[in-house]
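Notes for the structure review
If you want the building blocks of each chain, they are given just below.
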Amino acid sequence: GSQALRVAVAGMLNGTMSPSQPWFALETFNPDIMEDGATRDWLWKVELILRTILNGSNFYNMSPVFLKELLLFGTAFMTHVNDFEDVARFYTHTAGSYMLAQNDRLECI
């Protein structure tokens, strides 16, 4: 079971948020706005900034821990904290150290 968990975590990390390749793209809800070259350029520059921040932080160190919790317990929790040195720091919390709450529509809040 432990080996299967390690393989699953590695596969999910590579397939969803691999640090070696772009795994997200910024777009507008309105496809007509995306036709504008200035908008596309601005979004591309923001993507580069976000990728630089994620690469410079501990996001990719915490992501396997997050995915392991997700696979083991069916839920996972990661906190983002502003940081003066790295811009952003991320911390995972193990199951049992937090509670999930639902509103009257059964949505997690």
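Residues numbered from 1 in each chain as written. Predicted model: local features only at pLDDT ≥ 70, side-chain atom pairs only at ≥ 80, totals over all residues. Heavy atoms only, no water.

Now for the overall build of the protein chain. Helices and strands together make up the secondary structure of the protein chain, namely four helices and two strands. Taken from the N to the C terminus, the helices and strands of the protein chain come in the order α-α-α-α-β-β. Scaling as 2.2 N^0.38, a compact globule of 109 residues should have a C-alpha radius of gyration of about 13 Å, whereas the protein chain reaches 17 Å, well beyond that. Taken across its 109 residues, the protein chain has 21% of its residues classed as buried. Put simply, 49% of the contacts in the protein chain that link residues at least 6 apart link residues at least 24 apart. Of the roughly 8,100 Å² of accessible surface on the protein chain, a fraction of 59% belongs to carbon and sulfur atoms. Computing the positive centroid from 7 side-chain charges and the negative centroid from 12, the protein chain places the two 9 Å apart. (Helix = DSSP H or I, 4+ residues; strand = E, 2+ residues; numbered from the N terminus. Rg over C-alpha atoms; globule rule 2.2 N^0.38 Å. Buried < 20%, exposed > 50% of the residue type's maximum accessible area, 1.4 Å probe, protein only. Contact = heavy atoms within 4.5 Å. Areas by Shrake-Rupley, 256 points an atom, 1.4 Å probe, with all protein chains shown as cover. Lys, Arg positive; Asp, Glu negative; His and termini not counted. Charge placed at Lys NZ, Arg CZ, Asp CG, Glu CD.)

This part takes up the environment of Ala76. Tracing the sequence through the fold places Ala76 in the loop between α4 (59-73) and β1 (77-83). Sequence separation of Ala76 and Ser57 is 19 residues, and the distance between their C-alpha atoms is 19 Å.

Another point: the pattern of salt bridges. The final tally for this structure, using the stated rule, is two salt bridges. Residue Glu47 is joined to Arg51 by a salt bridge in which the shortest nitrogen-to-oxygen separation is 3.3 Å. With a gap of four residues between them, Glu47 and Arg51 both fall in helix α3 (residues 37-56), about one helical turn apart. Since its relative accessible area comes to 9%, Glu47 is described here as buried. Taking the relative accessible area as the measure of exposure, Arg51 reaches 17% and is therefore buried. Measuring nitrogen to oxygen at the nearest pair gives 2.9 Å for the salt bridge that ties Arg89 to Asp86. Residue classification places Arg89 among the partly exposed residues on the basis of a relative accessible area of 23%. Taking the relative accessible area as the measure of exposure, Asp86 reaches 25% and is therefore partly exposed. (Salt bridge = Lys/Arg side-chain N within 4 Å of Asp/Glu carboxyl O.)

All right, on to the packing of aromatic side chains then. Summed over the entire model, instances satisfying the criterion amount to five aromatic pairs. Both rings, one in Trp23 and one in Phe59, keep their centres 6.2 Å apart while their planes meet at 10°; by these two values the pair is stacked. Of the two residues, Trp23 sits in the loop between α1 (2-16) and α2 (31-34) while Phe59 sits in helix α4, which places them 36 residues apart along the sequence. Here Phe59 falls in the buried class, since its relative accessible area comes to 9%. (Phe/Tyr/Trp six-rings, centres within 6.5 Å; stacked < 30°, edge-to-face > 60°.)

The next subject is α1. Taking 1.5 Å of rise per residue, the 15 residues of α1 would be expected to cover 21 Å, and the 21 Å separating its terminal C-alpha atoms lies within 8% of that figure. Looking at the buried side of α1, the elements it contacts are α4. (Expected span 1.5 Å × (residues − 1).)

Bridging between β1 and strand β2 (residues 87-93) involves seven bridges; their strand directions are antiparallel. The residue of β2 that forms the bridge with Asp83 is Val87. (Pairing = 2+ DSSP bridges.)

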